[in-house]
Amino acid sequence: MHDALTIGIPVLAILFGILWNQQGLRDLRNDMTARFNSADARLDRVQSEVNGRLDRMQADLSQFYRTLGQHDAKLEALGKKQ
């Protein structure tokens, strides 16, 4: 009987600890899932903002190169007149 108590109580304590730890892991998993979902939402928002800025920059660069080409043509025309 003494051996059963000596072995049984630590075994029950270990099993209880494992079950307690499993609940903590579930809570941690749920918390991490919520954080990852929040981070994904923020990254999606930032990505759409960056894509919008890149589109505006591309439009500005297109306009710049169009204007630069027009100025180049005007400079060539002035050079030919002289």
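So, here's what we can say about the structure.

What counts as what
- Every chain begins its residue count from 1, and numbering advances along the sequence as written.
- Only residues with pLDDT of at least 70 are given local features in this predicted model, and only at 80 or more are side-chain atom pairs given and counted; all residues enter the totals for whole chains, interfaces and linings.
- The side-chain values count all of the structure's non-hydrogen atoms but skip hydrogen atoms and water molecules.
- Secondary structure elements follow DSSP: runs of H or I no shorter than four residues count as helices, runs of E no shorter than two count as strands, and numbering proceeds from the N terminus.
- This radius of gyration counts C-alpha atoms alone. The globule rule is 2.2 Å times how many residues there are, raised to the power 0.38.
- Here the term buried applies to any residue with accessible area under 20% of the maximum for its type, exposed to any over 50%, and partly exposed to those in between, with areas from a 1.4 Å probe on protein chains only.
- Method for areas: the Shrake-Rupley scheme with a 1.4 Å probe, in which residue coverage is limited to the protein chains shown.
- Any Lys or Arg side-chain nitrogen located within 4 Å of an Asp or Glu carboxyl oxygen qualifies as a salt bridge.
- Ring pairs shown here join Phe, Tyr and Trp side chains whose ring centres sit within 6.5 Å, with only the six-membered ring taken for Trp; geometry is labelled stacked below 30 degrees between planes, edge-to-face above 60, and tilted in between.

1. Re the overall build of the protein chain
Scanning the protein chain from terminus to terminus reveals one helix and zero strands. The C-alpha atoms of the protein chain give a radius of gyration of 35 Å, which is well past the 12 Å a tight globule of 82 residues would have. Its C-alpha atoms give the protein chain principal-axis dimensions of roughly 115 × 20 × 5 Å. Across the 82 residues that make up the protein chain, the buried fraction comes to 0%. As presented, the protein chain carries roughly 7700 Å² of accessible surface, and 63% of it is formed by carbon and sulfur atoms.

2. Brief notes about the pattern of salt bridges
Summed over all chains, the structure comprises two salt bridges. Ionic pairing is found between E49 and R45, a salt bridge with its closest N-O pair at 4.0 Å. A residue pair is termed a helical-turn pair when its members lie 3 or 4 positions apart in one helix, as E49 and R45 do in helix α1 (residues 2-81) at four residues. Residue E49 is classed as partly exposed on the basis of its relative accessible area of 41%. Using a relative accessible area of 47% as the deciding quantity, one classes R45 as partly exposed.

3. Section: the environment of I14
Within the secondary structure, I14 sits in helix α1. Relative accessible area serves as the criterion here: at 53%, I14 is assigned to the exposed category.

4. Quick look at the environment of L15
Here L15 lies in helix α1. Taking C-alpha positions, L15 is 92 Å from G79, a pair spaced 64 residues apart along the chain.

5. Some details on the packing of aromatic side chains
In total, this model carries two aromatic pairs according to the counting rule given. The interplanar angle of 55° and the centroid separation of 5.8 Å between the aromatic rings of F16 and W20 together place this pair among those described as tilted. A residue pair is termed a helical-turn pair when its members lie 3 or 4 positions apart in one helix, as F16 and W20 do in helix α1 at four residues. Judged by its relative accessible area of 52%, F16 falls in the exposed class. Both rings, one in F64 and one in Y65, keep their centres 5.3 Å apart while their planes meet at 65°; by these two values the pair is edge-to-face. The class for Y65 is exposed, based on a relative accessible area of 54%.

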